[in-house]
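Chain and residue survey
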Amino acid sequence: YDTAAFVAAEYVRSEFGLDQGFELYDDDFEGPSRPATEYQGQTLDWLEEHRDKRFFLWVHYFTPHTPYRPSADFERLANQLGPLRDLVVLGDAPERELDEETLRRLRALGYAQ
């Protein structure tokens, strides 16, 4: 398997040993966390490059939030992910992790309906 991880919070940085077993461990950011908009493009590029290979990919989203009710727009997008829906954890933050471009790319790769 090809392996990669894209992480978003300081407590999962490679200095804690969580990078073991990953060929690519992207934890290159300043501060305690980063929004998904900073690494989502690279994640989708990696998926595209490895679509015909066996792989393990960990995408760590970190959008702090309190309990919320997802917007109708989010629900509409998330429901199109089929079996991946439960793997995508999103908030109603200004920089939504799931947007139309991401969904378009996931569809093109065959990972969304």
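So, here's what we can say about the structure.

Each value, and the rule that gives it
Residues numbered from 1 in each chain as written. Predicted model: local features only at pLDDT ≥ 70, side-chain atom pairs only at ≥ 80, totals over all residues. Heavy atoms only, no water. Pairing = 2+ DSSP bridges. Helix = DSSP H or I, 4+ residues; strand = E, 2+ residues; numbered from the N terminus. Axes fitted to C-alpha atoms, helices over the stretch in contact; angles between N-to-C directions. Phe/Tyr/Trp six-rings, centres within 6.5 Å; stacked < 30°, edge-to-face > 60°. Buried < 20%, exposed > 50% of the residue type's maximum accessible area, 1.4 Å probe, protein only.

This part covers the sheet that holds strand E2 (residues 24-26). An order of E2-E1-E3 is seen for the 3 strands of this open sheet, with the pairing classed as parallel. Lying at the two open borders of the sheet, with one neighbouring strand each, are E2 and strand E3 (55-59). Averaged over all adjacent pairs, the angle separating strand axes in this sheet is 5°, with direction ignored. Inspection of the sheet shows strand E1 (residues 2-6) paired to E3 by 5 bridges, in the parallel sense.

A few words on the packing of aromatic side chains. Throughout the structure, instances matching the rule amount to 6 aromatic pairs. Considering the side-chain rings of Phe22 and Phe56, the 6.0 Å spacing of their centres and the 40° angle between planes classify their relative orientation as tilted. Taken together, the residues Phe22 in the loop between E1 and E2 and Phe56 in strand E3 connect sequence positions 34 residues apart. Measuring from centroid to centroid gives 6.4 Å for Tyr25 and Trp58, while their planes differ by 55°, and the two rings are tilted. Within this pair, whereas Tyr25 is found in strand E2, its partner Trp58 is found in strand E3, the two being separated by 33 residues in sequence. Residue Tyr25 is classed as buried on the basis of its relative accessible area of 13%. The exposure class assigned to Trp58 is partly exposed, which follows from its relative accessible area of 27%. Taken together, the aromatic side chains of Phe22, Tyr25, Phe56 and Trp58 make up a single cluster linked through ring pairs.

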